Protein chains: 2
Amino acid sequence: MNQPQDPIQRMAEELAKLPGIGRKSAQRLAYHLAAQPEEQVVALSRALAEGRASIRLCERCYNYTAQQLCAVCRDTRRREDLLCVVRDPRDVAAMERMHDYHGLYHVLHGILSPMDGIGPEDIRIRELLLRLKEGQVKELILATNPDIEGEATAAYIARLAKPLGVKVTRIAHGVPVGSDLEYADEVTLSKAMEGRREL
Amino acid sequence: MNQPQDPIQRMAEELAKLPGIGRKSAQRLAYHLAAQPEEQVVALSRALAEGRASIRLCERCYNYTAQQLCAVCRDTRRREDLLCVVRDPRDVAAMERMHDYHGLYHVLHGILSPMDGIGPEDIRIRELLLRLKEGQVKELILATNPDIEGEATAAYIARLAKPLGVKVTRIAHGVPVGSDLEYADEVTLSKAMEGRREL
């Protein structure tokens, strides 16, 4: 089959660029789409292009939104004295699924990583400090990932935020709920022991 | 987050309609696309919509193509006396990957399945018989899947094709190359024994 004009190949090539979709799955998806009514493929195509075009960053927390402020920042019932720092917008979604946090967010859009040449000026730390200087935030919760870069970024932000008179906290590390102790790695287990609380 | 206007949700909802992509993967893909340059998402979106719009069925074999005839039918080096019957266009792609078959194809676009109410008039059997009546085809290779419907469809076509003076053959069933005998099911094993050849 001739590659460039072949519509199946063209669809498959673009689909294969998506993360987690290999060459074979991409081909399978392309054949699936070829067999779908054209309207359905147009609906997918438009949702992707229009969705991407309408995405901007919330002017306050840098979460994804289609408006000036994101849904969280627009919600007047949220506590303005609690600010949770996360790496990227999908972490906001994860926190919101918990339905248990009622403060605001600050999305860094990245993590400090000297190995990858990502320094403080490459992620939204300056914007975070400006927000803290406004004085409304009483507690800053650092919810970056519990890995090397996440810990380093949390430590870096803590060092800058404390002098501003803000209480700085870090999310707890430990054994995930519903998981099996047997399968927890040693670092997680040792963090779980270290963070033990009296009942 | 408010569902309908949220561009991430809109992208994720459409992506979740694809086979093998669950709600969680769809969300992950949507966040990935949100972080991509807009041109890249537009390229994907256009490849899907334009790809689907340009797909038509080859006038001769009903394979997918963007032209009047598919790449196989346009290739004048293919043997016109060999015709391989497959269920759908992705089976043509699978056969072509083998690089070993030099005849033409006929795509049924379905399989006989009384349970699902699919009869001979719902798939392209009439078109196949018309092709056979043209007299060029000497051997008809039935390459429908080795399952109940595939076998029934092959048997049905064989019954109609033989009176037209065409040699009708069925692809061999047996143990897949590179697989382990231990894991072959009994029916496959018994077919492999039945089809054994002298070396």
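Please read these numbers as outputs of a predicted model, since none were measured by experiment.

Enquirer: Summarise the sheet that holds strand β3 (residues 82-86) of chain B; cite the residues concerned and give the values.
Expert: Residues and elements named next belong to chain B. The strand order β4-β3-β5-β6 describes an open sheet built from four strands, whose pairing is parallel. Bordering the open sheet on either side are β4 (104-107) and β6 (167-170), each of which pairs with just one other strand. Each neighbouring strand pair of the sheet contributes to a mean axis angle of 25 degrees, computed without reference to strand direction.

Enquirer: How would you sum up the pattern of salt bridges? Please name residues and give values.
Expert: Pairs can form between side chains of opposite charge once their charged atoms are near each other. Inspection of every chain in the model, using the stated rule, returns 22 salt bridges over all chains. Residue E14 of chain A is joined to K17 of chain A by a salt bridge in which the shortest nitrogen-to-oxygen separation is 2.9 Å. Using a relative accessible area of 13% as the deciding quantity, one classes E14 of chain A as buried. Owing to a relative accessible area of 51%, K17 of chain A belongs among the exposed residues under this scheme. When the shortest N-O distance is used, the salt bridge between R10 of chain B and E50 of chain A registers 3.0 Å. Of this pair, R10 of chain B sits in helix α1 (residues 7-15) while E50 of chain A sits in helix α3 (residues 38-54), which puts the two residues in different chains. Within this structure, R10 of chain A together with R46 and E50 of chain B form a network of salt bridges that share partners.

Enquirer: Hey, could you go over the relation of the copies chain B and chain A for me, with residue numbers and the actual values?
Expert: Once turned by 179 degrees and shifted 0.1 Å along the axis, chain B lies on chain A with an RMSD of 0.1 Å. In the structure described here, the two chain copies are related by an operation that fits a two-fold rotation axis. Of every C-alpha in chain B, the one belonging to S45 of chain B sits nearest the axis of rotation, 2.2 Å from it.

Enquirer: Break down the interface of chain B and chain A for me, with residues and values.
Expert: Across the boundary between the two partners, chain B contributes 50 residues, which contact 48 residues of chain A. Here chain B meets chain A over a buried area of about 4700 Å², counting both sides, of which 67% is carbon and sulfur. Run the count over chain B and chain A and you get two salt bridges. Across the contact surface, chain B and chain A share nine residue pairs in polar contact (both at pLDDT 80 or more). Its residues assigned to classes, the side of chain B that touches chain A shows 28 nonpolar, eleven polar and eleven charged.

Enquirer: I'd like a rundown of the packing of helix α6 (residues 125-133) of chain B against helix α7 (residues 148-161) of chain B, residues and numbers included.
Expert: All names here are of chain B. The contact between α6 and α7 brings their axes to 11 Å, and the two run at 35 degrees. Considering the relative orientation of α6 and α7, their crossing is right-handed. Across the interface between the two elements, I125, L128, L129 and L132 of α6 pack against Y156, I157, L160 and A161 of α7.

Enquirer: Now, about the packing of aromatic side chains: what can you tell me, with residues and values included?
Expert: Under the criterion given, the structure shown has four aromatic pairs over all chains. Their ring planes at 25 degrees and their centres at 6.1 Å tell us that Y64 of chain A and Y31 of chain B sit as a pair that is stacked. Residue Y64 of chain A is located in strand β2 (residues 64-65), and its partner Y31 of chain B is located in helix α2 (residues 23-35); the two belong to separate chains. For the pair Y64 of chain A and Y31 of chain B, one class covers both residues: buried.

Enquirer: Talk me through the pairing of β4 of chain B; I want residue IDs and the actual numbers.
Expert: Residues and elements named next belong to chain B. Side chains of β4 alternate between two faces, with L104 and H106 and Y105 and V107 buried alike. Judged from the four bridges that link them, β3 and β4 form a sheet pairing that is parallel. For V86, the partnering residue across the bridge sits in β4 and is V107. For the handedness criterion, the β-α-β arrangement of β3, helix α5 (residues 89-97) and β4 is classed as right-handed.

Enquirer: Describe in detail helix α7 (residues 148-161) of chain A, supporting the description with residues and values.
Expert: Residue and element names in this part refer to chain A. Under the 1.5 Å per step criterion, the end-to-end length of α7 is 20 Å for 14 residues, consistent within 8% with the ideal 20 Å. Three or more residues of α7 are buried, namely G150, T153, A154, I157, A158 and A161. On an axial view of α7, the arc spanned by its buried residues comes to 135 degrees, and they lie on one face. Away from its buried face, by an angle of more than 90 degrees, α7 presents the exposed residues I148 and R159. Contacts from the buried residues of α7 go to β3 (82-86), α6 (125-133), β5 (139-142) and β6 (167-170).

Enquirer: Mind laying out the sheet that holds β3 of chain A, listing which residues take part and the relevant values?
Expert: Residues and elements named next belong to chain A. Read across the sheet, four strands follow the order β4-β3-β5-β6 without closing on themselves; strand pairing throughout is parallel. For this open sheet the edge positions go to β4 (104-107) and β6, each flanked by a neighbour on one side alone. Pairwise comparison of adjacent strand axes, ignoring direction, gives a mean angle of 25 degrees for this sheet. Where β5 meets β6, four bridges bridge the pair, whose relative direction is parallel. Within β6, the position partnered with L140 by the bridge is V168. The strands touched by helix α5 (residues 89-97) are β3 and β4; relative to β4, the strand with the most contacts, the crossing angle is about 155 degrees.

Definitions and limits used
Residues numbered from 1 in each chain as written. Chains lettered and ligands numbered in written order. Predicted model: local features only at pLDDT ≥ 70, side-chain atom pairs only at ≥ 80, totals over all residues. Heavy atoms only, no water. Pairing = 2+ DSSP bridges. Helix = DSSP H or I, 4+ residues; strand = E, 2+ residues; numbered from the N terminus. Axes fitted to C-alpha atoms, helices over the stretch in contact; angles between N-to-C directions. Salt bridge = Lys/Arg side-chain N within 4 Å of Asp/Glu carboxyl O. Buried < 20%, exposed > 50% of the residue type's maximum accessible area, 1.4 Å probe, protein only. Least-squares fit on C-alpha atoms with pLDDT ≥ 70 in both. Contact = heavy atoms within 4.5 Å. Buried area = accessible area lost by both parts, 1.4 Å probe. Polar contact = N/O pair within 3.5 Å; in protein donor to acceptor, adjacent residues only side chain to side chain. Nonpolar A, V, L, I, M, F, W, Y, C, P; charged D, E, K, R; others polar. Left-handed = near helix turned anticlockwise from the far one by under 90°. Phe/Tyr/Trp six-rings, centres within 6.5 Å; stacked < 30°, edge-to-face > 60°. Right-handed = clockwise from strand over helix to strand, strands pointing away. Expected span 1.5 Å × (residues − 1). Arc of directions from axis to C-beta.

Shape is all these values report; function is a separate question.
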